[in-house]
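This is what each chain is made of:
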Amino acid sequence: MVDSWFVARYGMNLYRGCLHNCAYCDGRAEGYYVEGEFGKDIEVKINAPELLKKELDPTRKRNPMKKGFIMIGGGVGDSYNALDKKYELSRNVLKVVYQYDFPVHVLTKSTLVKRDVDILKEINKKSRAFVSFSFSGVDDKACKIMEPGVPSATERLETISFFKKEGFSVGTFLMPVIPFITDLPDQLENSIRRFKEAGVDFIIFGRMTLKEGRQQDHFYNVLKEHYPNLLHEYNMIYKGNKWGGASYEYYNSVNSLFLDLAKKYEIPIRIPARLYNQFIDQNDLVAVILGQLDYILKQKGQKSPYGYGAYSISQLKEPIAEYRNKLKTLKGVGPVTEKIILEILETGSSKYYEKLIT
Ligand code: SF4
């Protein structure tokens, strides 16, 4: 199923565990079952390129894999962590992606991705390659404390500009912002201004969760050492949510601040359809746009009629064009959604959507 955050149909994590050792990493949470000492012990998925080749090779499959973006990123790891200098799994996976002509979206915190600019350029010529970087903020001092194994924010910003000049669509995942450290109004504005100067095509924003147990204990130890005066504030906003979420009031205020700043700097808050509408099929395109609309409206505190329609279209086996005259027979598709779908089928996007994401 296509994902509206990354516009990816498939995802690969090439390592389990992460040398970057970010203080807030939720890969530490017990629910992810990452074994060993987080930040030091890493599982290397040494046969990932070979497995990908088997999956993508259409001659090996009765039903070849549908074309769509492959996300090379991390849930509990960064594919461009320092071990990749030795194993080159990311590079080898990109070669397979190129061979079978799939689009790719790379998300990393590491400047090591520059090593693979040659193969990424080839992919970008044939289909499409997005290169995204994640940040918690752009203050190098705070990053050094919170992301001890990662190149500085300044180096990451320079790398974004480098990829932009090389002709890539580039974005940032500003997630998570760190409460009272990187989410203060002047900090947040500084981040967004510098992303804009670096040439980003979009910014995806996310807030920090702190799940009780290994993740929260580690983060609080770092906080006690470097920002002891913030402990009280943290105790006020992170209390008793089993998913590690902060209070609604906090999320709401930081979210509104982000939305205002993104508007001020005219940066899309989702990956805009114009960057990929020629590289994914119509079903996925419609599902992604409706999914993005649903997310944005909810972030703005409004009701959304688009979520269920996005899901049912993502599950459709037949091409959506076959439903052109009977869209309302699809679950979750009413007259408003129908109008938007028809516009997407006609033009590859929707004016209402374009207005809302920027
Ligand atoms: S780069 Fe990502 S996966 Fe690695 S430690 Fe940081 S947050 Fe976790």
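Asker: Break down the site of the ligand for me, citing the residues and quoting the values.
Answerer: Lining the immediate surroundings of the ligand are Cys18, His20, Asn21, Cys22, Cys25, Gly27, Gly74, Val76, Gly77, Asp78 and Lys109. Class assignment of the residues belonging to the shell around the ligand gives a composition of four nonpolar, five polar and two charged.

Asker: So, the packing of helix H11 (residues 282-299) against helix H13 (residues 335-347): which residues are in play, and what are the values?
Answerer: Across the interface, H11 lies against H13 with an axial gap of 10 Å and an inter-helix angle of 130°. Classed by the angle they form, the pair H11 and H13 counts as oblique. Here H11 runs over H13; the crossing is right-handed. Side by side, H11 and H13 meet where Gln282, Leu285, Val286, Ile289 and Leu290 of the first sit next to Thr337, Ile341, Ile344 and Leu345 of the second. Here the residues of the contact of H11 with H13 are counted per class, giving seven nonpolar, two polar and no charged.

Asker: Quick one: what's the story with the pairing of strand E1 (residues 8-12), residue by residue and with numbers?
Answerer: Counting buried residues along E1, four of its five residues qualify, which places the element largely inside the surrounding structure. Where E1 meets strand E4 (residues 69-72), four bridges bridge the pair, whose relative direction is parallel. Bridge assignment links Ala8 to a residue of E4, and that residue is Phe69.

Asker: Summarise the domain arrangement of the protein; cite the residues concerned and give the values.
Answerer: In terms of domains, the protein is made up of domain 1 (8-274) and domain 2 (281-357). Opposite the eleven residues of domain 1 that make contact, domain 2 presents eleven residues.

Asker: Which residues make up the environment of Arg60, and what values go with them?
Answerer: Along the chain, the position of Arg60 falls in the loop between helix H1 (48-56) and E4. When the C-alpha atoms of Arg60 and Glu318 are compared, they prove to be 23 Å apart, with 258 residues separating the residues in sequence.

Asker: Account for the sheet that holds strand E6 (residues 129-135), with residues named and values stated.
Answerer: Pairing is parallel across the open sheet formed by six strands, whose spatial order is E1-E4-E5-E6-E7-E8. In this open sheet, the two edge strands, each paired with only one partner strand, are E1 and strand E8 (202-207). With direction set aside, neighbouring strand axes in the sheet form an average angle of 20°. Set on the sheet, helix H7 (residues 185-198) makes contact with E6, strand E7 (169-177) and E8; between it and E7 the angle comes to about 165°.

Asker: Lay out the nonpolar core in plain terms, naming residues and giving numbers.
Answerer: With 93 residues, the main nonpolar core has Ile70, Val93 and Val104 as its most contacted residues. In terms of residue count, H11 provides more of this core than any other element does, seven residues in total. The residue makeup of this core includes at least three contributed by each of domain 1 (8-274) and domain 2 (281-357). Once residues within four sequence positions are removed from consideration, Val104 is found in contact with Phe69, Ile70, Ile72, Leu94, Val97, Ile123 and Ala129.

How each quantity is defined
- Residues numbered from 1 in each chain as written.
- Predicted model: local features only at pLDDT ≥ 70, side-chain atom pairs only at ≥ 80, totals over all residues.
- Near = placed C-beta within 6 Å.
- Nonpolar A, V, L, I, M, F, W, Y, C, P; charged D, E, K, R; others polar.
- Axes fitted to C-alpha atoms, helices over the stretch in contact; angles between N-to-C directions.
- Helix = DSSP H or I, 4+ residues; strand = E, 2+ residues; numbered from the N terminus.
- Parallel < 35°, antiparallel > 145°, perpendicular 65-115°, else oblique.
- Left-handed = near helix turned anticlockwise from the far one by under 90°.
- Contact = placed C-beta atoms within 7 Å.
- Buried ≥ 20, exposed ≤ 12 C-beta atoms within 10 Å, placed from the backbone.
- Pairing = 2+ DSSP bridges.
- Domains from an automatic or database assignment.
- Core = buried A, V, L, I, M, F, W, Y, C linked by C-beta atoms within 7 Å.

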